[in-house]
Amino acid sequence: MGRRRFDYLVIELSVMLGIRVPRYELWLAAQEAGAAPEAWGRLEALQFCQGPLRRFLHERDMHLHRREFLRLCRRVSRFDPSQPTPEERLGFESA
């Protein structure tokens with residue numbers, strides 16, 4: 001289920017930034033920060049968002065306004081990986 005949280009973070013972040021976030025680089029950044037994105041629970045995902053994610057974005061010159069960043073953190077913390085996403089309900093595969 002943890003990988004679903006990571007996938008959700010990538011999608012939400014890409015939508016908020018208006019660009020495709022480099023998924024593999026984000027995965028590596030999470031691992032370098034000591035997180036295991038394949039096993040994220042709610043707390044681990046939120047801790048990554050509130051810490052290492054900021055550095056990841058800054059290093060790549062990607063910026064979110066404070067309000068957008070808080071919204072992202074809130075959405076990630078509220079995500080329920082046991083529920084199908086809209087894409088899954090409609091039968092779309094993620095790229």
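Coordinates for the structure precede this section.
Residues numbered from 1 in each chain as written. Predicted model: local features only at pLDDT ≥ 70, side-chain atom pairs only at ≥ 80, totals over all residues. Heavy atoms only, no water.

(A) Fine view of the nonpolar core. Counting residues in hydrophobic clusters, the biggest one holds 27 residues, and the most contacted among them are Leu 9, Leu 13, Leu 26, Leu 53, Leu 57, Leu 64 and Leu 72. Of all the secondary-structure elements, those providing two or more residues to this core are helix H1 (2–17), helix H2 (23–32), helix H3 (42–50), helix H4 (52–59) and helix H5 (66–78). At seven residues, the largest contribution of residues to this core is made by H1. Dropping the residues within four chain positions of it, Leu 13 is found in contact with Val 21, Leu 26, Leu 53, Leu 57, Leu 64 and Leu 72. (Core = buried A, V, L, I, M, F, W, Y, C linked by side-chain atoms within 4.5 Å. Buried < 20%, exposed > 50% of the residue type's maximum accessible area, 1.4 Å probe, protein only. Helix = DSSP H or I, 4+ residues; strand = E, 2+ residues; numbered from the N terminus. Contact = heavy atoms within 4.5 Å.)

(B) Structural detail: the environment of Met 16. Looking at the secondary structure, you find Met 16 in helix H1. Since its relative accessible area comes to 16%, Met 16 is described here as buried. Placed 53 residues apart in sequence, Met 16 and Phe 69 show a C-alpha to C-alpha distance of 8.9 Å. Ignoring sequence-local partners within four residues, the contact set of Met 16 consists of Leu 64, Glu 68, Arg 71, Leu 72 and Arg 75.

(C) Region of the structure containing unusual backbone geometry. Its identity as a non-glycine residue notwithstanding, Asp 61 has a phi of 55°, on the positive side. If you trace the backbone, Asp 61 turns up in the loop between H4 and H5. Residue Asp 61 is classed as exposed on the basis of its relative accessible area, which comes to 61%.

(D) Representation of the packing of H3 against H4. One can describe the packing of H3 onto H4 by two numbers: an axis separation of 3 Å at closest approach and a directional angle of 40°. With respect to each other, H3 and H4 are oriented oblique. Between H3 and H4, the contacting residues are Gln 47, Phe 48, Cys 49 and Gln 50 on the first element and Pro 52, Leu 53 and Arg 54 on the second. Of the residues in the contact of H3 with H4, the class split is four nonpolar, two polar and one charged. (Axes fitted to C-alpha atoms, helices over the stretch in contact; angles between N-to-C directions. Parallel < 35°, antiparallel > 145°, perpendicular 65-115°, else oblique. Nonpolar A, V, L, I, M, F, W, Y, C, P; charged D, E, K, R; others polar.)

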